[in-house]
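Geometric and topological summary
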Amino acid sequence: MSKLNKKHVEDLAVKGKKVLVRVDFNVPMKEGKITNDNRIVAALPTINKLVENGAKIVLCSHLGKPKNGPEDKFSLKAAAERLAELVSTKVTFAKDDTVVGDNAKAAVAAMNDGEIVVLENTRFRGAEETKNGEEFAKELGALVDGEFFVMDAFGSAHRAHASTAGVTKFVKETAVGYLMNKEIDFLGNAVEDPVRPFVAILGGAKVADKLNVISNLLEKCDTLIIGGGMAYTFLKAKGYEVGTSLVDNEKIDYCKEMLAKAEANGKKLLLPIDTTITKAFPDPIDAEVEVSVVDSDKIPADMMGLDIGPKTMELFANEAKAAKTVVWNGPMGVFENPILAKGTIAVAKGLAEADATTIIGGGDSAAAVVQLGYSDKMSHISTGGGASLEYLEGKVLPGIDVIQDK
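Right, let's walk through the structure included here. (Residues numbered from 1 in each chain as written. Predicted model: local features only at pLDDT ≥ 70, side-chain atom pairs only at ≥ 80, totals over all residues. Heavy atoms only, no water.)

Moving on to the nonpolar core. The biggest cluster of nonpolar side chains holds 73 residues, and the ones touching the most others in it are Leu 20, Leu 119, Ile 214 and Leu 224. Among residues more than four places away in sequence, those in contact with Leu 119 are Leu 20, Val 58, Leu 59, Cys 60, Leu 76, Phe 93, Ala 94, Val 99, Ala 104, Leu 140 and Leu 143. (Core = buried A, V, L, I, M, F, W, Y, C linked by side-chain atoms within 4.5 Å. Buried < 20%, exposed > 50% of the residue type's maximum accessible area, 1.4 Å probe, protein only. Contact = heavy atoms within 4.5 Å.)

The next thing to look at is the state of the cysteines. Here the structure, examined in full by the defined rule, presents 0 disulfides. Looking at Cys 221, it has no disulfide partner, and the nearest cysteine sulfur is the one in Cys 255, 15 Å off. Judged by relative accessible area, Cys 221 falls into the buried class, the value being 0%. Taking relative accessible area as the criterion, Cys 255 reaches 0% and is therefore assigned buried. (Disulfide = S-S within 2.5 Å.)

In a beta sheet, neighbouring strands pair by backbone hydrogen bonds and run either parallel or antiparallel. Here 3 strands make up an open sheet; going across it, the order is β13-β12-β14 and the pairing antiparallel. Edge strands, defined here as strands with exactly one partner in the open sheet, are β13 (292-295) and β14 (304-308). On average, each strand axis in the sheet is tilted by 45° relative to the strand beside it, whichever way the strands run. In terms of strand pairing, strand β12 (residues 274-278) meets β14 through 4 bridges, oriented antiparallel. Its bridge partner being in β14, Thr 276 is matched across the sheet by Asp 307. Helix α10 (residues 310-321) rests against β12, β13 and β14 of the sheet, and its axis sits at about 40° to β14. (Pairing = 2+ DSSP bridges. Helix = DSSP H or I, 4+ residues; strand = E, 2+ residues; numbered from the N terminus. Axes fitted to C-alpha atoms, helices over the stretch in contact; angles between N-to-C directions.)

Looking now at the sheet that holds strand β8 (residues 173-176). Here 6 strands make up an open sheet; going across it, the order is β5-β6-β4-β1-β7-β8 and the pairing parallel. Each of the sheet's edge strands pairs with one partner strand only, and the pair in question is β5 (91-94) and β8. The average angle at which neighbouring strand axes cross in this sheet is 25°, direction not considered. Bridging between β5 and strand β6 (residues 116-119) involves 4 bridges; their strand directions are parallel. Paired with Thr 92 across the strands is Val 117, a residue of β6.

In structure tokens form, the structure reads like this:
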């Protein structure tokens, strides 16, 4: 699974041909402005290769979750404008509420070789996109004369949508792009053939989101570290008082099973040994809070844990530094609050100092690493939170599965 035996963008003869590329331009926006263009930058190697090879490139992506049909705040116009600043060719944005209507058709018809058209948000088609509607998939294929489709949106590869999977039925040749290849190389090698010791660090709020990941990683890694909100369900499973901390009572037996599985397989499963506690969850999330630190088995009944404590920070960071492969997915505490971000910062710093292949599994951990200025110290920062999690679970991702084999 670690080596992707799929057709690659380099294998396609695209000169003068139209190529539909599914990119992940689902970038964070604030008041109509892009606040982080990482995902656009990550798509450039594939886009530039197609430009260089003289293709007519049609890009499609979703952005956010528009609930009421087309809305300006979910338009891909800003992403197209940012892309135009990053490439050395003409970029046309096809404003078209149906994504593939007259405006889009006219823009594609007017293209010269090596030029780019960016389509409007695929989710403006609502359920036709998200439920993999055949008609929309067919229209996307027809826009590029049923020629080529390149999948380079790892962040959407775990979804079988019209623009990620359905469209492949209506084009002659399909391939993956550079980003997709890089993601699978890093995540696949980490899980299937890691240089050991292999340490996996899981955080975030809910145990339920990471059930299968925990189980799968316990079979693959040498040490599994659990922090964030999900740690309290594990602590409760060990019989500790966790006060008013976030706990998933339905998953306590599951956590007991995982603790037993770790022991039976001779794996280290590390939980926080001390905890940063407060009276209540901060409201607003970045509000100042009064905190204290207690051992993890001494949380008062009226207090809640919202970050790991300093002894745990040292324990987790040292474990990361001693590893040769580290995968990290999910923050150690309420990262949005400066007072409760210290655990996440300590882990990020530990990874930055590690002499190891370090892979950050998208989402909040990726945002944390970028924000702290440690991006260039990591081997790979995944562009897909949900997709990287499902991959670490051992699932086959539909957006990869549908691409033709070499």
